[in-house]
Structure formats: structure tokens, C-alpha cells
Amino acid sequence: MSTGVIILLIVIVAVVIGGALALALRARGSGAGHMSLKRRFGPEYDRTVARHDGDTKAAEHDLAERVKQHGALRERPLEPAERERYTTRWTAAQERFVDSPREAVAEADRLLGELAAARGFPDGGRYDDQLAALSVHHAHQVHGYRRVHRAAHSPAAAPAGTEELREALVEARGLFDALVARGRHDGSGRHEERAARRSEPAHARSGRGGHAPWTLTRRQAKGS
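Residues numbered from 1 in each chain as written. Predicted model: local features only at pLDDT ≥ 70, side-chain atom pairs only at ≥ 80, totals over all residues. Heavy atoms only, no water.

Let's shift gears to the packing of aromatic side chains. Evaluation of the coordinates by the stated rule reveals two aromatic pairs. With a centroid separation of 4.7 Å and 15° between ring planes, the pair formed by W90 and F176 is classed as stacked. Here F176 lies in helix α8 (residues 162-180) and W90 lies in helix α4 (residues 80-96), a separation of 86 residues in the sequence. In this structure, W90 and F176 share a single accessibility class: buried. When the ring of Y127 is compared with that of Y145, the centres are 5.4 Å apart and the planes differ by 80°; the resulting orientation is edge-to-face. With Y127 in helix α6 (residues 127-137) and Y145 in helix α7 (residues 142-152), the pair connects residues that are 18 residues apart, well separated along the chain. Taken as a pair, Y127 and Y145 share a single burial class, namely buried. Positioned above the aromatic ring of Y86 is the side chain of R85, whose terminal nitrogen or guanidinium carbon lies 5.8 Å from the ring centre. (Phe/Tyr/Trp six-rings, centres within 6.5 Å; stacked < 30°, edge-to-face > 60°. Helix = DSSP H or I, 4+ residues; strand = E, 2+ residues; numbered from the N terminus. Buried < 20%, exposed > 50% of the residue type's maximum accessible area, 1.4 Å probe, protein only. Lys NZ or Arg CZ within 6 Å of the ring centre and 35° of its normal.)

Glancing now at unusual backbone geometry. We note that D53 has phi near 55°; this positive angle belongs to a residue other than glycine. Residue placement: D53 occurs in the loop between α2 (43-51) and α3 (56-70). By relative accessible area, D53 is classed as exposed at 74%.

According to the stated counting rule, one finds 16 salt bridges in the structure shown. Here E44 ties to R47 by a salt bridge, and the two come within 3.4 Å at their closest N and O atoms. Of this pair, E44 and R47 both sit in helix α2, separated by three residues, roughly a single helical turn. For R47, a relative accessible area of 23% translates into the label partly exposed. R166 is paired through a salt bridge with E163; the nearest N and O atoms lie 2.7 Å apart. Here E163 and R166 lie together in helix α8, a separation of three residues that amounts to about one turn. (Salt bridge = Lys/Arg side-chain N within 4 Å of Asp/Glu carboxyl O.)

This brings us to the packing of α6 against α7. In the contact formed by α6 and α7, the axes pass within 9 Å of each other and the chain directions differ by 155°. Judged on the interaxial angle alone, α7 and α6 are roughly antiparallel. Contacts between α6 and α7 involve Y127, Q130, L131, L134 and S135 on the former and, on the latter, V142, Y145, R146 and H149. The residue makeup of the contact of α6 with α7, split by class, is five nonpolar, three polar and one charged. (Axes fitted to C-alpha atoms, helices over the stretch in contact; angles between N-to-C directions. Parallel < 35°, antiparallel > 145°, perpendicular 65-115°, else oblique. Contact = heavy atoms within 4.5 Å. Nonpolar A, V, L, I, M, F, W, Y, C, P; charged D, E, K, R; others polar.)

Written as C-alpha cells, this is what we have:
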């Protein structure tokens with residue numbers, strides 16, 4: 001075998017090996033990105049895949065774009081007076097639910113939009129942008145806001161039922177707790193919820209047992 005043929009074979013083998021390594025590295029990087037997004041967004045990852053009809057690639061592109069646009073956002077801490085004011089308003093909305101479920105949910109929706117804006121997220125008038133930013137920083141709680149917003153804006157022809165309103169308000173409490181909390185969050189929401197409960201005024205904490213306003217039962221809420 002001539003030297004030229006040997007060199008050609010070596011070049012071919014090198015090209016094949018190089019191509020295989022490049023494909024392996026690309027697949028590894030794609031897998032790492034997949035796991036990173038799945039860990040970061042948790043249940044929001046699965047919801048996004050479902051909204052894209054199971055298209056994982058499209059869903060991950062959506063989530064990656066959210067991180068690109070909003071990942072650098074730094075939440076502005078609340079002053080104690082602000083925290084007290086928002087907590088008082090939320091408690092009032094919960095108590096109002098007993099007699100006026102629909103109005104209470106509408107107030108909770110407005111309050112979350114205002115509170116998120118106060119923390120430095122996009123203004124509530126840009127709901128989609130605000131929701132996307134919140135999903136990056138509060139992925140485990142953001143669905144509650146989505147539910148309460150959807151319930152508050154349900155069409156007159158097919159209004160949300162009392163039970164749907166109640167469940168939306170209860171789930172939305174998770175994001176409220178996260179947003180009124182002191183300090184940084186740990187990505188799971190547990191830190192924010194503990195801190196938010198410590199920051200509540202006494203009249204808000206006193207209702208935690210039995211029939212607390214934010215754990216309303218069907219019997220407590222009057223039909224809408």
C-alpha cells in the first residue's frame with residue numbers, strides 16, 4: 001500500500017472520529033440543557049410542553065427565551081409598610097370570598113399584578129410579559145397567578161364556578177407568599193412562604209386554623 005493511500009485512510013478515519021465526537025458533544029450539551037430547564041421550571045416545564053402539544057423542542061425554546069429575557073431581573077425588596085399593606089389587602093380579599101367569590105378573585109388578580117410590578121417585574125398591564133418573568137423566578141408558584149387571572153377574566157357566557165374560583169384563589173396564595181417574602185428565594189418557594197408567614201400581621205395569621213379564609217371550603221363560599 002502506497003504512502004499516499006495510507007495518509008488518505010488516516011485522514012478519513014480522523015474525519016469520521018471527529019464527526020462522531022462532535023455529535024456526541026452536541027447530544028450531551030442538548031441533554032444538559034434539557035435537564036437544566038426541567039430542574040429550573042419544575043411543573044411549569046411540563047405545562048409548557050403540554051401547551052406546545054408535546055413538542056419538547058418548541059417548549060424548551062420557549063423556556064430558554066424566557067430565561068434570556070428575564071433571567072437577569074433582580075427583585076426589588078418591599079418596605080415593611082408595603083408588605084403590611086399588601087398583606088392586609090390579600091386578607092381582605094380572602095374574607096370577601098365568602099360573600100362575593102367573583103369579586104374576591106378579581107381583587108386577588110389585580111393585587112398580584114400590582115405586587116409583582118412593585119417587586120420589579122413587568123407592569124401588570126403587560127400580563128403575558130409579567131407572567132413570563134414570574135415563571136423564570138417563581139416557577140413553582142406562577143400557575144396560581146395564571147389560574148386566578150383566567151378565573152377573574154372568564155367570559156360572561158361561561159363564568160367560572162364557585163369551586164373553580166376557590167381553588168384558583170387558594171393556589172394563587174403561593175405566589176403571593178413568595179412575593180411578599182423577605183430575602184432571596186431558593187427556587188422552590190419554601191423559603192418565601194416561611195418568610196411571608198412571619199411577615200404577616202397578627203390578624204392574618206390568626207385565621208390559619210380550621211376554616212382559615214385562604215382554605216375556604218365549599219360550604220363557606222356562597223354560590224356565584
